[in-house]
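Residues per chain are reported as follows:
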Amino acid sequence: MVERTNEVLKQLHRLVAGAKAVPMSASCMVNRAEVLALIEQAADALQADVGEAQRVTATSLETLERAQAEAAQIIASAEERAVYLTSQTPVMEAARSKAAQLEAKALADVEALRREADSYVDARIASFEAGLQKTMSQVRTMRDRLATRSALDDTSTQALPRMQG
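Structural notes, computed from the coordinates. (Residues numbered from 1 in each chain as written. Predicted model: local features only at pLDDT ≥ 70, side-chain atom pairs only at ≥ 80, totals over all residues. Heavy atoms only, no water.)

## Remarks on the overall build of the protein
The helix and strand inventory of the protein stands at three helices and two strands. Going residue by residue from the N terminus, the α and β elements of the protein occur as α-β-β-α-α. The dimensions of the protein, computed from C-alpha atoms along their principal axes, are 160 × 50 × 25 Å. Counting the 165 residues in the protein, one finds 8% classified as buried. Put simply, of all contacts in the protein between residues at least 6 apart along the chain, 40% involve residues at least 24 apart. Summed over its atoms, the accessible surface of the protein is roughly 14,000 Å², and 61% of this surface lies on carbon and sulfur atoms. Between the averaged position of the 20 positive side-chain charges in the protein and that of its 23 negative side-chain charges there is a distance of 10 Å. (Helix = DSSP H or I, 4+ residues; strand = E, 2+ residues; numbered from the N terminus. Buried < 20%, exposed > 50% of the residue type's maximum accessible area, 1.4 Å probe, protein only. Contact = heavy atoms within 4.5 Å. Areas by Shrake-Rupley, 256 points an atom, 1.4 Å probe, with all protein chains shown as cover. Lys, Arg positive; Asp, Glu negative; His and termini not counted. Charge placed at Lys NZ, Arg CZ, Asp CG, Glu CD.)

This is the structure in structure tokens:
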């Protein structure tokens, strides 16, 4: 592709290099028609080379885009296959089994902890109830003593009704 342009430029160089020198100057004499023909050939060759380069570039870009699309499709397919294979392997089955065991153990632990917490709360409430009953008994005893000592049994002087219990 570039060879045509290079060959014409070499011919032009040989022509100028082999031209007759003008005495007492750095100039030389060349055949105008020959030089113009070579320049025209070089321009034509260069234009052809540029056109070919553009076609190659366009083809390369299309090929690259197709290759990238194909690579993306291959990667997506491989990822799908990997997901499928990992879901079907004995390792995955063992992991699912272990997960089910861990879930069952966690649920059992939660239930045991709930029962333990309920038992503790029940014991604390029972203790509170016993304390309240003792306090209520003491309050009854004190009211009875006060009623006996002050003759508060008289219904006309009773401020609060007596609690039965």
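Here the narrative resumes, following the displayed structure.
## So, a nonpolar patch on the surface
A surface patch of nonpolar side chains, about 320 Å² in accessible area, is lined by Tyr-120, Val-121 and Ile-125. Turning to its location among the elements, Val-121 is positioned in helix H3 (residues 90-150). (Patch = residues over 30% accessible without salt bridge, like charges linked within 9 Å, V, L, I, M, F, W, Y side chains within 5 Å. Salt bridge = Lys/Arg side-chain N within 4 Å of Asp/Glu carboxyl O.)

## As for the pattern of salt bridges
Opposite charge on two side chains permits pairing when their charged atoms draw close. Scanning the model with the defined rule gives eight salt bridges in all. Arg-114 is the partner of Asp-118 in a salt bridge, and the nearest nitrogen-oxygen pair spans 2.8 Å. One end of the pair is Asp-118 and the other is Arg-114, both in helix H3 and four residues apart, which spans about a single turn. A relative accessible area of 43% means that Asp-118 is categorised as partly exposed. Residues joined in a network through salt bridges with shared partners are Glu-111, Arg-114, Arg-115 and Asp-118.

## Describing the side chain of Thr-5
Structurally, Thr-5 can be placed in helix H1 (residues 2-17). Here Ala-45 takes part through its backbone oxygen, which lies 3.4 Å from a polar atom of the side chain of Thr-5. Of the polar contacts made by the side chain of Thr-5, one reaches the backbone nitrogen of Leu-46; its length is 3.3 Å. (Polar contact = N/O pair within 3.5 Å; in protein donor to acceptor, adjacent residues only side chain to side chain.)

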